[in-house]
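Examination of the molecular architecture
The residues making up each chain are set out below.
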Amino acid sequence: MFGIPDPYIWIAYLLAIGFAGACVLYGLLNWNNGDAEHGS
Amino acid sequence: MAVDVLTLSIVVAIYLLMIVGIGYYGYKKTKVAEDYMVAGRNTHPVVIALSYGATFISTSAIVGFGGVAANLGMGLIWLTVLNIGVGIFIAFVFFGKKIREAGKRLSAYTFPDLMGKSYKSPFLQYVSGIIIILSMPIYTAAILIGGARFIEVTLSIPYETALLGFALIVGAYVVFGGLIAVMHTDALQGAIMLIGMSALLLLTYIHLGGVTVAHTALTNMADLVPAGLAAAGHNGWTAMPTFGSPIWMTLITTMVLGVGIGVLAQPQLIVRFMTAKDDKSLHRATLIGGPFILMMTGVAFTVGALTNVYFYQQSGELAITAAGGNVDSIIPLYITQSMPDIFVIIFMLTLLCAAMSTLSSLYHTMGTALACDVWGRGRECALSLAANRRGIMIMMVISILVAFLLPGSIIARATVIFMGLCASAFLPAFVNGITAKSPCIIGAKASLLAGALVWFLWTVFVHAAESSVLGLSQFIFGVPSLLGQPWSACNPLVIALPVSLIVMVLFQIRHNRRMA
């Protein structure tokens, strides 16, 4: 894949990009969740 | 040098003026100890994300580990997987919210303070503070040495002057502006680092003919791996080393696990979570943190490996040969030889930012540990700005002295040592402290001491990279390492962390049964 024959390398790339994507998705889905607690 | 020193000096001067301005902003905004220690617990999510990322990524991560990727190949990208998966996603989504909530509920100001208050144990606060002020100056000195060497080469300033100037400029805004200045300068530095690393990736692929063409060229160089590296398990720069070989052990246990897991227990990063106003800020920071780290270590490791293609096409040499055998010189040499002048300036600024953002956070963490956790045992945390300022100044002076004593080759090694010790000693007890309903204090003490002790023994008597240098094993037992391969290449963290984890879990289970 993309000139990298060893699956253990390109799987690592996919995971790294996937985790970065998961961070973006998590941030977007919870954009307005978790406001400051009242009275604290 | 590819660029004019005068031009670079002007750019650096403008950058320093901006840093001074932000430092002054921090000074004016700091009214009470809570502002100085945890930035008023009201920091903007973008600042949290960039500050966390810029503190996380030092010059060593870009230049040192980029050079390692040039030598050992793209297998290092597994470290990026852990950097994002563990260092950002798990850290922010699972730990960050608990740390923020516990920090606020317990009115904790530092990592040792949080540790002590989680267990209601001044002893744990004290011991955590002691470990920080004993181990962190070595890591800080390594950052200082790296920064000073870099300034010496790029701005043609004598090394001693560069080291003192670098240490004092960063020290000034940390001492006066506290964590507000540290985090806001971090954010500026993180933004510059993002620009620099994005341009580095783009220009590298353009230069080498595109993504697939560049990777294929690197794959086709597999038969050029030096015989010594091939015998140790190196299978080419786009392939993993042979499973269980010395290179595999070093890559996976020291680089990937040692640094990838070690990040969870770094006091200077943990305090970032305590600066968030609410969980919403941490959710939003997660969005920026993941892509930021991908663009830092992901780019450094990819470009590091691809430098072999560039140097082979230019001079028929591998990157390590072109750099005269010095791994730390590969990335700077590649930049100065292959990139346009304007980018060389941007990248040099990127490296300066990486060094300054990490250094400022270490100063703050060490200084507050000394004043708040060791000397004041909590009394000074909430009361005195002056005590914490004095603490930072004392630890700054100690770090400068250590930097003058340590050899220059210690940079990457000190990073791994510091992260390994932090994770082995702190991680299980800390996680248990913020998650358990009734955390077991005896278990925390036993886990902390067991982790630190096993880490120390493995470092001194087994892990050849350190034991052969320290010489104690040779002196007592007549051999540089008590165990042969593969154990002598196995990082101390991989042994010590499971031990401290098992100790913590067993004590906590016994504690829970007694409480039931």
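None of these values were measured; they are calculated from a predicted model.

A word on the overall build of chain B. Broken down by element type, chain B carries 22 helices and zero strands. By its C-alpha atoms, chain B is 65 × 55 × 45 Å across when sized along the principal axes. Counting across all 516 residues of chain B, residues that qualify as buried make up 63%. For chain B, restricting intrachain contacts to residue pairs at least 6 apart in sequence, the fraction spanning at least 24 positions comes to 81%. Total accessible area computed for chain B in this model is approximately 18200 Å², and 70% of it derives from carbon and sulfur atoms.

Residues and elements named next belong to chain B. Under the definition given, this model contains five cavities of 30 Å³ or more. Of the volumes computed, that of the largest cavity is approximately 110 Å³. Secondary structure elements with two or more residues in the lining of the largest cavity: helix 4 (59-72), helix 5 (77-105), helix 13 (279-315) and helix 18 (411-435). The dominant element in the lining of the largest cavity, judged by the number of residues it contributes, is helix 4, at three residues. Looking at the second largest cavity, it is lined by 13 residues, and the ones nearest its centre are Thr 110, Phe 111, Val 271, Thr 365 and Thr 368.

So, about the packing of helix 15 (residues 330-338) of chain B against helix 16 (residues 341-375) of chain B. All names here are of chain B. Closest axis-to-axis distance for the helix 15/helix 16 pair is 9 Å, and the angle between their directions is 155°. On the basis of the axis angle, helix 15 is roughly antiparallel to helix 16. Where helix 15 approaches helix 16, its residues Ile 331, Ile 335 and Thr 336 are matched on the opposing element by Phe 343, Val 344, Phe 347 and Met 348. Tallied by class, the residues present in the contact of helix 15 with helix 16 amount to six nonpolar, one polar and no charged.

Glancing now at the pattern of salt bridges. All names here are of chain B. Per the stated rule, a full pass over the model turns up six salt bridges over all chains. In this structure, Arg 100 and Asp 279 form a salt bridge, with 3.0 Å as the shortest nitrogen-oxygen distance. Residue Arg 100 is found in helix 5, and its partner Asp 279 is found in helix 13; the two are separated by 179 residues along the sequence. Judged by relative accessible area, which is 3%, Arg 100 ranks as buried. The salt bridge partner of Glu 101 is Arg 105, with a shortest N-O separation of 2.7 Å. Taken together, the positions of Glu 101 and Arg 105, both in helix 5 and four residues apart, correspond to about one turn of that helix. For Glu 101, a relative accessible area of 32% translates into the label partly exposed.

Here the focus is the interface of chain A and chain B. At the interface, 30 residues of chain A touch 34 residues of chain B. The contact between chain A and chain B buries some 2700 Å² in all, and 70% of this surface belongs to carbon and sulfur atoms. Looking only at chain A, the three residues that lose the most surface to chain B are Tyr 13, Cys 23 and Tyr 26 of chain A, adding up to 21% of its buried area. At the junction of chain A with chain B, the criterion picks out eleven residue pairs in polar contact (both at pLDDT 80 or more). For the side of chain A that touches chain B, the per-class residue count stands at 20 nonpolar, seven polar and three charged.

Moving on to the packing of aromatic side chains. All names here are of chain B. Considering all chains together, one arrives at 17 aromatic pairs over all chains under this definition. Aromatic pair Tyr 24 and Tyr 27: ring centres 6.4 Å apart, planes at 35°, arrangement tilted. Here Tyr 24 and its partner Tyr 27 are both found in helix 1 (residues 5-29), three residues apart, which amounts to about one turn of the helix. Given a relative accessible area of 51%, Tyr 24 falls into the exposed group. By relative accessible area, which is 40% here, Tyr 27 ends up partly exposed.

Residues and elements named next belong to chain B. We note that the domain assignment places domain 1 (5-408) and domain 2 (436-516) within chain B. Buried surface at the junction of domain 1 and domain 2, summed over both partners, amounts to about 1300 Å²; 80% is from carbon and sulfur atoms. When the area that domain 1 buries against domain 2 is broken down by residue, the three leading residues are Tyr 119, Met 249 and Thr 253, summing to 36%. Our enumeration of links across domain 1 and domain 2 arrives at two residue pairs in polar contact (both at pLDDT 80 or more). Contributions of two or more residues to the side of domain 1 that touches domain 2 are made by helix 6 (111-119), helix 7 (122-155) and helix 11 (246-262). With eight residues, helix 11 is the largest single contributor of residues to the side of domain 1 that touches domain 2. Within the side of domain 1 that touches domain 2, the residues separate by chemical class into ten nonpolar, eight polar and no charged.

Quick notes on the rules
- Residues numbered from 1 in each chain as written.
- Chains lettered and ligands numbered in written order.
- Predicted model: local features only at pLDDT ≥ 70, side-chain atom pairs only at ≥ 80, totals over all residues.
- Heavy atoms only, no water.
- Helix = DSSP H or I, 4+ residues; strand = E, 2+ residues; numbered from the N terminus.
- Buried < 20%, exposed > 50% of the residue type's maximum accessible area, 1.4 Å probe, protein only.
- Contact = heavy atoms within 4.5 Å.
- Areas by Shrake-Rupley, 256 points an atom, 1.4 Å probe, with all protein chains shown as cover.
- 1 Å grid on protein atoms, 1.4 Å probe; cavity = no way out; pocket = protein on both sides within 12 Å on 5 of 7 lines; lining within 4 Å.
- Points joined across faces, edges and corners; volume = space filled by probe spheres on them.
- Axes fitted to C-alpha atoms, helices over the stretch in contact; angles between N-to-C directions.
- Parallel < 35°, antiparallel > 145°, perpendicular 65-115°, else oblique.
- Nonpolar A, V, L, I, M, F, W, Y, C, P; charged D, E, K, R; others polar.
- Salt bridge = Lys/Arg side-chain N within 4 Å of Asp/Glu carboxyl O.
- Buried area = accessible area lost by both parts, 1.4 Å probe.
- Polar contact = N/O pair within 3.5 Å; in protein donor to acceptor, adjacent residues only side chain to side chain.
- Phe/Tyr/Trp six-rings, centres within 6.5 Å; stacked < 30°, edge-to-face > 60°.
- Domains from an automatic or database assignment.

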